[in-house]
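# Secondary and tertiary structure notes
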Amino acid sequence: LGLALGACLAMSSSLVILRALDEHRLRGKEEGQMALGMSLAQDVALGPMLVALSFILPVGPRPASWIMALGIVGLLSGTVLLRLMLVPALLARVRQSQVSELQVALAVAVALGAAWATKTVGLGEAVGAFCAGLAFGRDRQTVAPAVEPLQGLTAIFFFAATGLLFSPTFVGTHPLAVVGMLLGSILLKSAIASFALRLVGMPLRSAIGCGLLLGNVGEFSIILAGNLFTGSTDPALRELHQLILTTCVLSFLGMPAVTWLAGRFLPRPRSVLI
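Here is a short report on the structure shown in this document. Being a predicted model, the structure only gives us computed values, none of them experimental. Residue positions are given per chain, counting from 1 as you read along its sequence in written order. Per-residue local features of the predicted model are confined to residues with pLDDT of at least 70, and side-chain atom pairs are confined, for both listing and counting, to 80 or more; whole-chain, interface and lining totals are unaffected and use all residues. Calculation of side-chain values draws on the structure's entire complement of heavy atoms; hydrogens and water are dropped beforehand.

### Details of the overall build of the chain
Think of it this way: any DSSP run of H or I at least four residues long counts as a helix, any run of E at least two long counts as a strand, and we number them from the N terminus. In terms of helices and strands, the chain carries 13 helices and 0 strands. The proportion of buried residues among the 274 residues of the chain is 41%. The criterion used for residue contact is that any of the two residues' heavy atoms lie within 4.5 Å. In the chain, once contacts between residues fewer than 6 apart in sequence are set aside, the share between residues at least 24 apart is 78%. Each accessible area is a Shrake-Rupley estimate made with a 1.4 Å probe; only the visible protein chains count as cover when residues are assessed. Carbon and sulfur atoms provide 71% of the accessible area of the chain, an area that totals close to 14,900 Å². Working definition: with a 1.4 Å probe on protein chains only, accessible area under 20% of the residue-type maximum means buried, over 50% means exposed, and in between means partly exposed.

Below, the structure written as structure tokens:
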């Protein structure tokens, strides 16, 4: 349980970090690339963590281990096959048709199919969707603009669903646990991230600022916790799930203040004279 809790709270929000870096015109600078790289490394780790924790913490009914093992092998093989052969060939045919909507349909179909397959073998939908994104990675310049209109819409649905799950009553009945988890996770993650960035040569003030940005609890924490605890009937595990969800939501709400504080340490954007 401690490992699962740590994994859930370890995920940062790349979306929040990107916006803050853009505001300070740091995305293309060395500091921004380091901070963004650390955040993206957490995102990439989501898939392996989901697979590993599904074995370590089997909550609710799951398929047999041999089915999950075969699913992992098939998932890895299918991702490589899609990335190297099938996706480029399919996208080439789609481009020949000169119907841009087909690119969106293809990306959605592959993502939903992969999510259904991984859910069937007990690995969770997020693993399949993540691997579908990897499969399209070689053609990101073609696919990303096509699916960009869906990003805002899916983000709206995601945060709306998160708001439905959030319980203000839980905050009132567990104030010390919620405050302790929120402050503890943000302060600990910020300190570790700042120390790591300082070790690789980032100036101290920039390391503190980027560390504060990386201290947030991101949306992937909700996905990870949902895959681990949703099927549980144990009241203690359901309460832990609610604690993680509450921590994530409050972290989202507090990010403007944290971003403002991080900006006191980050390099100020230089004004352009025309």
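Don't stop here, the text continues.
### Brief notes about the side chain of S251
Locating S251 in the fold gives a position in helix α13 (residues 235-263). The class for S251 is buried, based on a relative accessible area of 2%. Apart from residues no more than four positions distant in its own chain, S251 is found in contact with L182, I186, N216 and V217.

### Structural notes on the pattern of salt bridges
Here a salt bridge means any side-chain nitrogen of Lys or Arg lying within 4 Å of a carboxyl oxygen belonging to Asp or Glu. Under the criterion given, the structure shown has 1 salt bridge. Here R27 makes a salt bridge to D22, at a shortest N to O gap of 2.8 Å. Classification of R27 as partly exposed rests on a relative accessible area of 36%.

### Considerations on the side chain of S12
Among the structural elements, S12 can be located in the loop between α1 (2-10) and α2 (14-23). For this analysis, a polar contact is any N or O atom pair within 3.5 Å, provided that within protein one partner can donate a hydrogen and the other can accept it, and provided that sequence-adjacent residues contribute only side-chain to side-chain pairs. Polar contacts involving the side chain of S12 include one to the side chain of K189, which spans 3.3 Å. Apart from residues no more than four positions distant in its own chain, S12 is found in contact with I17, S39, Q42, D43, K189, L214, N216 and G218.

### As for the packing of α2 against helix α3 (residues 30-44)
The axes are straight lines fitted to the C-alpha atoms, using for helices just the contacting stretch, and the angles between their N-to-C directions are given from 0 to 180°. Two numbers describe how α2 lies on α3: the axes approach to 10 Å, and their chain directions differ by 170 degrees. Taken together, the axes of α2 and α3 are roughly antiparallel relative to one another. Listed contacts from α3 to S14, I17, L18 and L21 of α2 are G32, L36, S39, L40 and D43. Residue type decides the class: Asp, Glu, Lys and Arg count as charged, Ala, Val, Leu, Ile, Met, Phe, Trp, Tyr, Cys and Pro as nonpolar, and the leftover types, Gly among them, as polar. Within the contact of α2 with α3, the residues separate by chemical class into 5 nonpolar, 3 polar and 1 charged. For this classification, under 35 degrees means roughly parallel, over 145 means roughly antiparallel, 65 to 115 means roughly perpendicular, and everything else is oblique.

### Regarding the environment of V178
Its location among the elements puts V178 in helix α10 (residues 175-199). For the pair formed by V178 and T246, sequence separation is 68 residues and the distance between their alpha carbons is 7.2 Å. Sequence-distant contacts of V178, defined by excluding residues within four places in its chain, comprise F170, V171, L243, T246 and L250.

### Topic: the environment of M49
Within the element layout of this structure, M49 appears in helix α4 (residues 46-56). Sequence separation between M49 and V127 is 78 residues, and the spatial gap between their C-alpha atoms is 9.4 Å. In this structure, M49 is in contact with A7, M11 and L224, ignoring residues within four places of it in sequence.

### Quick word on the nonpolar core
As used here, the term nonpolar core means buried Ala, Val, Leu, Ile, Met, Phe, Trp, Tyr and Cys residues forming a set that is joined through side-chain atoms within 4.5 Å. L224, L228, F229 and I244 are the most contacted members of the largest nonpolar core, which has 32 residues in total. The set of elements that each furnish at least two residues to this core consists of α1, α4, α7 (125-135), α10, α12 (219-229) and α13. Sort the elements by how many residues they give to this core and α13 lands first, with 8 residues. With 18 residues, the next largest nonpolar core counts A20, A207, L212 and M255 among its residues.

### Notes on the environment of A4
Within the secondary structure, A4 is located in helix α1. Taking the relative accessible area as the measure of exposure, A4 reaches 2% and is therefore buried. Sequence-wise, A4 and L224 are 220 residues apart; in three dimensions their C-alpha atoms are separated by 8.8 Å.

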